[in-house]
Amino acid sequence: MPPHDDEQQQLLANRLLDSNEEETAYDYSDKVHIIGVDEHDGEDFTEAPPFSWKKLWLFTGPGFLMSIAFLDPGNLEGDLQAGAIAGYSLLWLLFWATAIGLLVQLLSARLGVATSRHLAELCRDEYPTWARLLLWIMAELALIGADIQEVIGSAIAIKILSRGFLPLWSGVVITALDCFIFLFLENYGVRKLEALFAVLIAVMAVSFAWMFGETKPNGVELLVGIVVPKLSSKTIKQAVGIVGCVIMPHNVFLHSALVQSREIDHHRVGRVREALKYYSIESTAALTISFIINLFVTTVFAKSFYGSEIANSIGLENAGQYLQEKYGGGVFPILYIWAIGLLAAGQSSTITGTYAGQFIMGGFLHMRLKKWQRALITRSCAIIPTLIVALAFDTSEKLLDVLNEWLNVLQSVQIPFALIPLLCLVPKEEIMGVFKIGSTLKVISWLVAALVIMINGYLLMDSLSSAVSGVLFASVVFAFTGGYVAFIVYLILRGITFPDWFVKNKSITSIEN
């Protein structure tokens, strides 16, 4: 074995010992055991073993949990509005936005697998206390914003399925309780919980595929929309919404923790390479399915409402009713098909949100709490404001849509505080070892990050420009914006690794002065 590989083996061993000294994302007994499966005597420890379908099956799961964030009610609302207002013209953007999301999530998985620690834990060690706490607050705000959308989406579905008998606030309570019941499955093994998510994704796929079959979108226009880029001033807001929904801040933290649910022999470089290979395959498959589901939703509303008078007024709460009025009852009313798909999206995303909240809180604050205690704290942080929202906006669809737009803005402004730490960590050899990303991937990743941040910056400025009025309010917004930009610049500069020649020249200059 070459000396360099000996050093990498020792680096991995030391990192594994360090990670065992503190609380980990998963206890040993909770992990899916991979070690010993399809192993052979005399194998090269530095190379990944041959492909195995059995191992792919064992590694399958974390990517599908991660993909739920691409299918939450906020994304579905973005899909239906893009279809109703822009028709098929933004399908190409949906495809490339999903590809961008895949790149970010693969980097997150790479970080978790290579270090045996998740992003929140690494941020705790990487940044000073004030920056770490600020990053934690930003992550929690993003999570609360996403959770409000997800729980409200479930509550809307419950209201539809109960024919209005259960008001929005009661749907919020039911969703909160359901989340604890579903998380109880984790006590029977992580594979049981992953199986539940597989069922919920299947429910979404069947529901929205049924709607696709009922409405019969134009196949030629669909293919042209995917292949031919097209953007106009009238659809810029929907385009920004599609890209903005792709990277969910809490999902970046979540995926780096989920991949640790598999027992990997970190003493062998080849086994880590193998894990990265299988996680890449299953994440790609999961996001391909999520793209198809989002495609179904967008094309259904493009076929049904593009160019109509009601296109600009369609939202989650009235979408099913509009479909029902257009297509009638049928064997199974399309209103209830929509509600079932929406319920599956809301329930699954609230569980992953709670899951992410546990990792974020435990990682940043190093809190040693039992799982149910962390779940209770995380749920309470989101459910209380959601109940307030449900009680305040239950009777107004228009106000609910306005709130949803501002929640999208809230999550958009938090994206840099998950994305920048990730991109600063994955190129560092002292953290990633041999698994650090190369210069080409680093440049591509930063260009993609800059694009996403600028797009979401446009969404923020557009929203604020229409809302800011008065000198005092404008001054406060300006001050917060200045602090926001300054913190982003701080994170970027802290993560820059200067070349050796630059550091030496700087030292010589300092001595001469």
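What you see is a predicted model, and the numbers here were worked out from it, not measured in a lab.

> Give me the overall build of the protein: which residues, what numbers.
Of regular secondary structure, the protein possesses 22 helices and 2 strands. Per-residue burial over the protein gives 55% buried out of 513 residues. Surface exposure of the protein reaches about 22,400 Å², of which carbon and sulfur atoms provide 67%.

> So what about the nonpolar core? Which residues, and what values?
Grouped together as the largest cluster of nonpolar side chains are 143 residues, with contacts concentrated most on F301 and W338. If you tally residues by element for this core, the top one is helix α13 (residues 269-305), at 16 residues. Once you skip the residues sitting within four places of it in the chain, W338 turns out to touch L80, I160, F208, M211, V297, F301, L316, A319 and G320.

> Report on a nonpolar patch on the surface, specifying residues and quantitative values.
Taken together, the side chains of L161, V206, W210, V331, F332 and I340 define a hydrophobic patch exposed on the protein surface, amounting to about 570 Å² of accessible area. Among the structural elements, F332 can be located in the loop between α14 (316-327) and α15 (334-365). What makes F332 partly exposed here is its relative accessible area of 36%.

> Explain the state of the cysteines to me, using residue names and the numbers behind them.
Enumeration over the complete set of coordinates arrives at 0 disulfides. Free of any disulfide, C123 has its nearest cysteine sulfur in C424, 9.4 Å distant. Taking the relative accessible area as the measure of exposure, C424 reaches 5% and is therefore buried.

> Tell me about the packing of helix α7 (residues 129-161) against α15, and name the residues and values.
The geometry of α7 relative to α15 is characterised by a closest axis approach of 8 Å and an angle of 160 degrees between their N-to-C directions. Relative to α15, α7 is oriented roughly antiparallel. In the packing of α7 onto α15, the handedness of the crossing is left-handed. Grouping the constituent residues of the contact of α7 with α15 by class yields 22 nonpolar, 8 polar and 4 charged.

> Account for the environment of Y127, with residues named and values stated.
For Y127, the location among the structural elements is in the loop between α6 (119-126) and α7. Separated by 364 residues in the primary sequence, Y127 and L491 have C-alpha atoms spaced 9.0 Å apart. Y127 has contacts with R132, L135, P421, L491 and R494, leaving out every residue within four places of it along the chain.

> Residue-level account of unusual backbone geometry, with values.
You will see that S116, though not glycine, has its phi angle at about 65 degrees, which is positive. Tracing the chain through its elements places S116 in the loop between α5 (91-115) and α6. Taking relative accessible area as the criterion, S116 reaches 12% and is therefore assigned buried. If you check the backbone angles, K216 has positive phi at about 55 degrees while not being a glycine. Relative to the helices and strands, K216 is located in the loop between α9 (190-215) and α10 (219-227). A residue is classified by how much of its surface remains accessible, and K216, at 60% relative accessible area, is exposed.

> Mind laying out helix α21 (residues 471-495), listing which residues take part and the relevant values?
With 25 residues, α21 should cover 36 Å at 1.5 Å per step; its first-to-last C-alpha distance of 36 Å lies within 8% of that length. Of the residues making up α21, those classed as buried are V477, F487, I488, L491 and G495.

> Can you explain the packing of aromatic side chains? Please cite residues and give values.
One pass over the full model with this rule turns up 19 aromatic pairs. Here the aromatic rings of F59 and Y279 are separated by 5.2 Å at their centres, their planes lie at 85 degrees, and the arrangement is edge-to-face. Here Y279 lies in helix α13 and F59 lies in helix α2 (residues 53-59), a separation of 220 residues in the sequence. The exposure classification of F59 matches that of Y279, with both residues buried. Taking the centre distance of 6.2 Å and the plane angle of 45 degrees together, the rings of W210 and F332 count as tilted. Pair noted here: W210 is in helix α9 and F332 is in the loop between α14 and α15, with a separation of 122 residues, a long-range link. Residue class for W210 comes out partly exposed when judged on its relative accessible area of 39%.

> Give me the lowdown on the pattern of salt bridges, citing residues and values where you can.
Within this structure, the stated rule accounts for 10 salt bridges. In this structure, K55 and E274 form a salt bridge, with 2.9 Å as the shortest nitrogen-oxygen distance. Pair noted here: K55 is in helix α2 and E274 is in helix α13, with a separation of 219 residues, a long-range link. For the pair K55 and E274, a shared accessibility class is recorded, and that class is buried. One salt bridge in this structure joins D125 and R117, with 2.6 Å as the shortest N-O distance. Take R117: its relative accessible area is 12%, and that puts it in the buried class.

The rules we used
Residues numbered from 1 in each chain as written. Predicted model: local features only at pLDDT ≥ 70, side-chain atom pairs only at ≥ 80, totals over all residues. Heavy atoms only, no water. Helix = DSSP H or I, 4+ residues; strand = E, 2+ residues; numbered from the N terminus. Buried < 20%, exposed > 50% of the residue type's maximum accessible area, 1.4 Å probe, protein only. Areas by Shrake-Rupley, 256 points an atom, 1.4 Å probe, with all protein chains shown as cover. Core = buried A, V, L, I, M, F, W, Y, C linked by side-chain atoms within 4.5 Å. Contact = heavy atoms within 4.5 Å. Patch = residues over 30% accessible without salt bridge, like charges linked within 9 Å, V, L, I, M, F, W, Y side chains within 5 Å. Salt bridge = Lys/Arg side-chain N within 4 Å of Asp/Glu carboxyl O. Disulfide = S-S within 2.5 Å. Axes fitted to C-alpha atoms, helices over the stretch in contact; angles between N-to-C directions. Parallel < 35°, antiparallel > 145°, perpendicular 65-115°, else oblique. Left-handed = near helix turned anticlockwise from the far one by under 90°. Nonpolar A, V, L, I, M, F, W, Y, C, P; charged D, E, K, R; others polar. Expected span 1.5 Å × (residues − 1). Phe/Tyr/Trp six-rings, centres within 6.5 Å; stacked < 30°, edge-to-face > 60°.

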